[in-house]
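Remarks on the overall topology
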Amino acid sequence: MKIGVLALQGDFAEHLAVLRRLGVEAVEVRLPGELDGLDGLIIPGGESTTIGKLAMAYGLMEPLRAFGKEKPVWGTCAGAIFLSKDARRDQPLLGLMDITVQRNAFGRQVDSFEVGLDIPALARVSKKNPPFYAVFIRAPLIESVDAPGAETLAKLDDGAIVAAQQGRLLATSFHPELNDDDRFHQYFLTLVDG
Ligand code: GLN
């Protein structure tokens, strides 16, 4: 199994570290040709406008769309925005997932926060399935999950959607690569395997 991490901007190094800790071959992706032979791709957090502009400059938009139609792709935070079909403003988006996101949805006072989330889907990789400690940094909300085949994986107490899945595509508002709980990465790998 070989997983790519889009390495244009943002915290790609942290995702690579988790994948390698799990014993998976993981490589940086900056050019279209580097998608060849990959079994899945992670798009990291960072700044979604910057990631989009760089993806355009490197000729990656269409290759990424084609890849996402065939193979598992997971976007964390800015990566989730980039995967979405609508971010309520004009910026390059892959439009692979039928979700609408709202950028920087938590306002200044709560720029960053951490919260334990119940994520039933993670029972697939962890029998006991304790809460997942999720780190949010100027995070987007998933305003709506807009396709019959798409599902909500996690919500905050107030009902705000922070993780969604559509077939082999995953979006999380938070950053599972920033703690040492690898369950979300393991979950993504089950999509790659299956
Ligand atoms: N606020 C960033 C954006 O809108 C996302 C932040 C992040 O990835 N931690 O692109």
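I will try to describe carefully the structure that is included in this document. Since this is a predicted model, take the numbers as computed values, not measurements.

**Describing the site of the ligand**
- Gly45, Gly46, Glu47, Ser48, Cys77, Ala78, Ile81, Arg103, Asn104, Ile137, Arg138 and His175 make up every residue found near the ligand.
- Between Gly46 and the ligand, the recorded distance is 2.9 Å, taken from a backbone N or O atom to an oxygen atom.
- Ser48 is positioned such that a nitrogen or oxygen atom in its backbone is 2.7 Å from an oxygen atom of the ligand.
- Here the ligand has 300 Å² of accessible area as a free molecule, and 93% of this is covered by the chains.

**Details of the packing of aromatic side chains**
- Tallied over the full model, the rule gives 10 aromatic pairs.
- These aromatic residues form a ring-pair network of at least three members: Trp74, Phe106, Phe113, Phe132, Phe136, Phe174, Phe184, Tyr187 and Phe188.

**What about the side chain of Ser48?**
- Secondary-structure assignment places Ser48 in helix 2 (residues 48-57).
- When its relative accessible area of 1% is taken as the criterion, Ser48 is described as buried.
- If we skip the residues at most four places from it in the chain, Ser48 touches Ala78, Ile81, Gln91 and Arg103.

**Remarks on the pattern of salt bridges**
- If you walk through the whole model with that rule in mind, you get eight salt bridges.
- Of the charged contacts, one joins Lys85 and Asp146 as a salt bridge, the two residues approaching to 2.8 Å between their closest N and O atoms. With a gap of 61 residues between them, Lys85 in strand 5 (residues 84-86) and Asp146 in the loop between strand 9 (141-145) and strand 10 (150-155) connect regions that are remote in the sequence.
- The class for Lys85 is partly exposed, based on a relative accessible area of 41%.
- Here Asp111 ties to Arg138 by a salt bridge, and the two come within 3.2 Å at their closest N and O atoms. Of this pair, Asp111 sits in the loop between strand 6 (97-102) and strand 7 (112-117) while Arg138 sits in the loop between strand 8 (132-137) and strand 9, placing them 27 residues apart in sequence.

**Structural notes on the side chain of Gln166**
- In this structure, Gln166 sits in strand 11 (residues 161-166).
- Within polar-contact distance, the side chain of Gln166 engages the side chain of Asp98 at 2.6 Å.
- Here Gln166 is in contact with Leu96, Met97, Asp98, Ala147, Gly149 and Ala150, once residues within four sequence places are set aside.

**Here's the deal with the nonpolar core**
- Counting 34 residues, the largest nonpolar core has Leu117, Ile119, Phe136, Phe174 and Phe184 as the members making the most contacts within it.
- At the level of secondary structure, the elements contributing two or more residues to this core comprise strand 1 (2-6), helix 1 (12-21), strand 8, strand 10, strand 11 and helix 5 (183-193).
- No other element matches the six residues that helix 5 contributes to this core.
- Not counting the four nearest positions on each side in its chain, Ile119 is found in contact with Asn129, Phe132, Leu153, Ala154, Phe174 and Phe184.
- Core analysis: the second largest hydrophobic core is formed by 31 residues, Val29, Met61, Leu94 and Leu96 among them.

**Here's the deal with helix 5**
- In terms of burial, helix 5 is a largely internal element, nine of the 11 residues being buried.
- Among the residues making up helix 5, those that are buried are Arg183, Phe184, His185, Tyr187, Phe188, Leu189, Thr190, Leu191 and Val192.

**A short note on helix 2**
- Those residues of helix 2 not exposed but buried are Ser48, Thr49, Ile51, Gly52 and Ala55. In a view along the axis of helix 2, the buried residues occupy a sector of 165°, so they form one face of it. What points out from helix 2, more than 90 degrees from its buried face, is the exposed set Lys53 and Ala57.
- The inward-facing, buried residues of helix 2 contact strand 1, helix 3 (61-70) and helix 4 (78-83).
- Regarding helix 2, its N-cap is Glu47, as a side-chain oxygen of that residue lies 3.1 Å from the backbone nitrogen of Thr49 further along.
- Looking at the residues trailing helix 2, positive phi occurs at Gly59, about 70°.

Conventions we followed
Residue positions within a chain follow its written sequence, with the count starting from 1. At least 70 in pLDDT is required for a residue's local features to be given in this predicted model, at least 80 for side-chain atom pairs to be given and counted, and no such filter applies to totals for whole chains, interfaces and linings, which use all residues. Excluding hydrogens and water, the side-chain figures rest on all heavy atoms present in the structure. We call a residue near a given molecule or strand whenever any one of its heavy atoms falls within 4 Å of it. Residues adjacent in sequence count toward polar contacts only when both atoms are side-chain atoms; beyond that, a polar contact is any pair of N or O atoms within 3.5 Å, and within protein one must be able to donate a hydrogen and the other to accept it. Where accessible areas are quoted, they stem from the Shrake-Rupley method and a 1.4 Å probe; at the residue level, only the protein chains shown are allowed to cover. Side-chain rings of Phe, Tyr and Trp, where Trp is taken by its six-membered ring, are said to pair if the distance between their centres is within 6.5 Å; with planes under 30 degrees apart they count as stacked, over 60 as edge-to-face, and otherwise as tilted. The way it works is that DSSP assigns letters per residue, a run of H or I at least four long becomes a helix, a run of E at least two long becomes a strand, and they are numbered from the N terminus. With a 1.4 Å probe rolled over the protein chains alone, any residue whose accessible area is under 20% of its type maximum counts as buried; one over 50% counts as exposed, and the rest are partly exposed. Any two residues whose heavy atoms approach within 4.5 Å are treated as being in contact. In the sections that follow, a salt bridge refers to a side-chain nitrogen of Lys or Arg positioned within 4 Å of a carboxyl oxygen of Asp or Glu. Among buried residues, the Ala, Val, Leu, Ile, Met, Phe, Trp, Tyr and Cys ones that are joined through side-chain atoms within 4.5 Å form a nonpolar core. Note that the arc is defined by the directions from the helix axis to the C-beta atoms.

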